[in-house]
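# Chains, contacts and geometry: an overview
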Amino acid sequence: MKQYLAALLTLLVIICVGISDARGLFSHQRSPEEDSREVISLQGDGAHNEGSWETSPGDPEETSPREEPAPGPAEGEGGDTPPGGEKKLVEDPTDLLVLVNKEYNLPSDYTPPDLVEPNITFSFSEDLPKRLLRREAAEALEALFGRAAADGIQLAAVSGYRSYDRQKVIFNHRAQERGFEVANRTSAYPGQSEHQTGLAMDVSGSSVGYGLVQSFGETAEGIWLAENAPDFGFIIRYPRGREGETGYSYEPWHLRYVGVEAAREISQRGLILEEYLLEMRAAAEETVAEEGEGPQAVEVDEREHWFAAEQTEDLGLNPSDKG
Ligand SMILES: [Zn+2]
């Protein structure tokens, strides 16, 4: 009887440990950068980086708070409907200040018009699309890397442009591995990745083995990058302490090109891109409202004039339209 009880107890302990392991496995929240690690491993990148992509136990990335997207539709895995309801498409994906996040999505058929490969150091040797950036961002990144080298800072680019289809493959791969519900909760939907804009590049340094890890932010290279990137038009898009607003954990490696003027203001005032663009829109609306009082009369006159002309044509009174 004693032996039987002991065996039963052992069995119970094994079951409990099993359950807590499984929960640990599924409770880990993934950043969009972890998806890029998957891209990399799926594309067969060098093993050189593979180890460094793993998050070490106790890494802040494991515990930093993140907003979870609401549960999505039951069907259409990795399809065109993102979690959290109806998607809003960005108005102009080619705009250098385009906002892409969990609310504003890129069209599935959008490919940046001017992708080029910057002449910089990469953390991998393969010829892959993730080397690409839009021309203006690529030139700015070359200049940034040039300044870094002059300052004795060794940086390498890890992941740039990523297509909608690539993101979809990653999402579906994850859904196959863990089920749709988990994939939906833990990885970025296609159309919601800034990497599809061709304006984002993940950058890391030698002291963390060119890994995409939060500890990069505390290295000499990470500190240099945060200080100098804005002078070349780049921002650290997902800063520490703003996880609730950006929806993503702190990513000291994710650079987003927005141009020098915007980058300097965003960085100096400690804004996130969402705040900066809201301010810009409010300022633009104010200007329109102010201007509206003056030249309004002229505009109305012009409209009436045009309307009259159109009516004339409709009535067939304009001889030049005939035969
Ligand atoms: Zn990134």
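Residues numbered from 1 in each chain as written. Predicted model: local features only at pLDDT ≥ 70, side-chain atom pairs only at ≥ 80, totals over all residues.

### So, the overall build of the protein chain
Threshold: What counts as a helix is a DSSP run of H or I of at least four residues, what counts as a strand is a run of E of at least two, and both are numbered from the N terminus. Whether two residues are in contact depends on their C-beta atoms, placed from the backbone: they are in contact if these lie within 7 Å.
Along its length, the protein chain carries twelve helices and eight strands. Across the protein chain, the fraction of contacts at a sequence separation of at least 24, relative to all contacts at a separation of at least 6, is 68%.

### Remarks on the sheet that holds strand β8 (residues 254-257)
Neighbouring strands of a sheet are bound in pairs by backbone hydrogen bonds; such pairs are parallel or else antiparallel. Quick note on the threshold: Two strands make a pair as long as DSSP finds a minimum of two bridges between them. To get an axis, fit a line to the C-alpha atoms, keeping to the stretch in contact for a helix; angles then go from 0 to 180 degrees between the N-to-C directions.
Ordered in space as β5-β6-β8-β7, the four strands form an open sheet in which the pairing is antiparallel. In the strand order of this sheet, the two ends are held by β5 (155-159) and β7 (234-236), each with one partner. The mean angle between the axes of side-by-side strands here comes to 40°, regardless of whether they run parallel or antiparallel. Two elements, strand β6 (residues 200-205) and β8, share three bridges in a ladder whose sense is antiparallel. Paired with Ala-200 across the two strands is Arg-256, which belongs to β8.

### Focus: the pairing of β8
For the record, the criterion: In this scheme every C-beta is placed from the backbone, and a residue whose C-beta has 20 or more other C-beta atoms within 10 Å is buried, one with 12 or fewer is exposed, and one in between is partly exposed.
The alternating pattern of β8 places His-254 and Arg-256 and Leu-255 and Tyr-257 on opposite faces, both of which are buried. Where β7 meets β8, three bridges bridge the pair, whose relative direction is antiparallel. Counted as the bridge partner of Ile-235 is Arg-256 from β8.

### So, the nonpolar core
Rule in force here: Each nonpolar core reported here comprises buried Ala, Val, Leu, Ile, Met, Phe, Trp, Tyr and Cys residues connected via C-beta atoms within 7 Å.
Ranked by internal contacts, the top residues of the largest apolar core, which has 37 residues, are Leu-141, Leu-144, Val-203, Ala-229, Phe-234 and Ile-235. Where this core is concerned, the elements lending two or more residues are α5 (135-150), β5, β6, β7, β8 and α10 (260-268). It is α5 that provides the largest number of residues to this core, a total of seven residues. Within the second largest apolar cluster, five residues are counted, among which are Val-90, Val-98, Val-100 and Leu-106.

### Concerning unusual backbone geometry
Note on backbone geometry: most residues besides glycine have negative phi, and most peptide bonds are trans. Backbone geometry at Tyr-210 places phi at a positive 55°, although glycine is not the residue there. Structurally, Tyr-210 can be placed in the loop between β6 and α8 (220-228).

### Things to note about α10
What sets the pattern is the α-helix's 3.6 residues per turn: residues three or four places apart point alike. Filter applied, for reference: Note that the arc is defined by the directions from the helix axis to the C-beta atoms.
Of the positions making up α10, those classed as buried are Ala-262, Ala-263 and Ile-266. Buried positions in α10, seen along its axis, are confined to an arc of 100° and lie on one side of it. In α10, the exposed residues that point more than 90 degrees away from the buried face are Glu-261 and Gln-268. One or two steps after α10, the chain reaches Gly-270, where phi turns positive at roughly 65°.

### Structural notes on the environment of Asn-119
Within the element layout of this structure, Asn-119 appears in the loop between β3 (115-116) and β4 (133-134). When the 11 C-beta atoms within 10 Å are taken as the criterion, Asn-119 is described as exposed. For the pair Asn-119 and Arg-131, spaced twelve residues apart in the sequence, the C-alpha separation amounts to 9.6 Å.

### Regarding α5
For clarity, the threshold we go by: To estimate how far a helix should extend, the number of its residues minus one is multiplied by 1.5 Å.
Across its 16 residues, α5 extends 23 Å between first and last C-alpha, which sits within 8% of the 22 Å expected from 1.5 Å per residue. Among all positions in α5, only Ala-137, Ala-138, Ala-140, Leu-141, Leu-144, Phe-145 and Ala-148 are buried. The buried residues of α5 occupy an angular sector of 165° when projected down its axis, which confines them to one face. One or two steps after α5, the chain reaches Gly-152, where phi turns positive at roughly 75°.

### Overview of the confidence of the model for the protein chain
The following threshold applies: As a per-residue measure, pLDDT reflects the predictor's confidence and takes values from 0 up to 100.
Of all residues in the protein chain, 61% have pLDDT values of 70 or greater, and the mean over the chain is 74. For the stretch residues 8-79, pLDDT sits under 50, and the model shows 98 contacts to residues farther than four places along the chain or on other chains. Note on residues 296-323: pLDDT is under 50 here. Beyond four places in sequence and across chains, it has four contacts.

### Examining the environment of Val-213
Tracing the backbone through its elements, the reader meets Val-213 in the loop between β6 and α8. C-alpha separation for the pair Val-213 and Glu-251, spaced 38 residues apart in sequence, amounts to 7.7 Å.

### Structural notes on the pairing of β6
Among the six residues in β6, six count as buried, and that is most of the element. Neither face of β6 is left uncovered, since the one carrying Ala-200, Asp-202 and Ser-204 and the one carrying Met-201, Val-203 and Gly-205 both have all their residues buried. Both β5 and β6 contribute to a ladder of four bridges, which runs antiparallel. If you follow Ala-156 over to β6, its bridge partner there is Ser-204.

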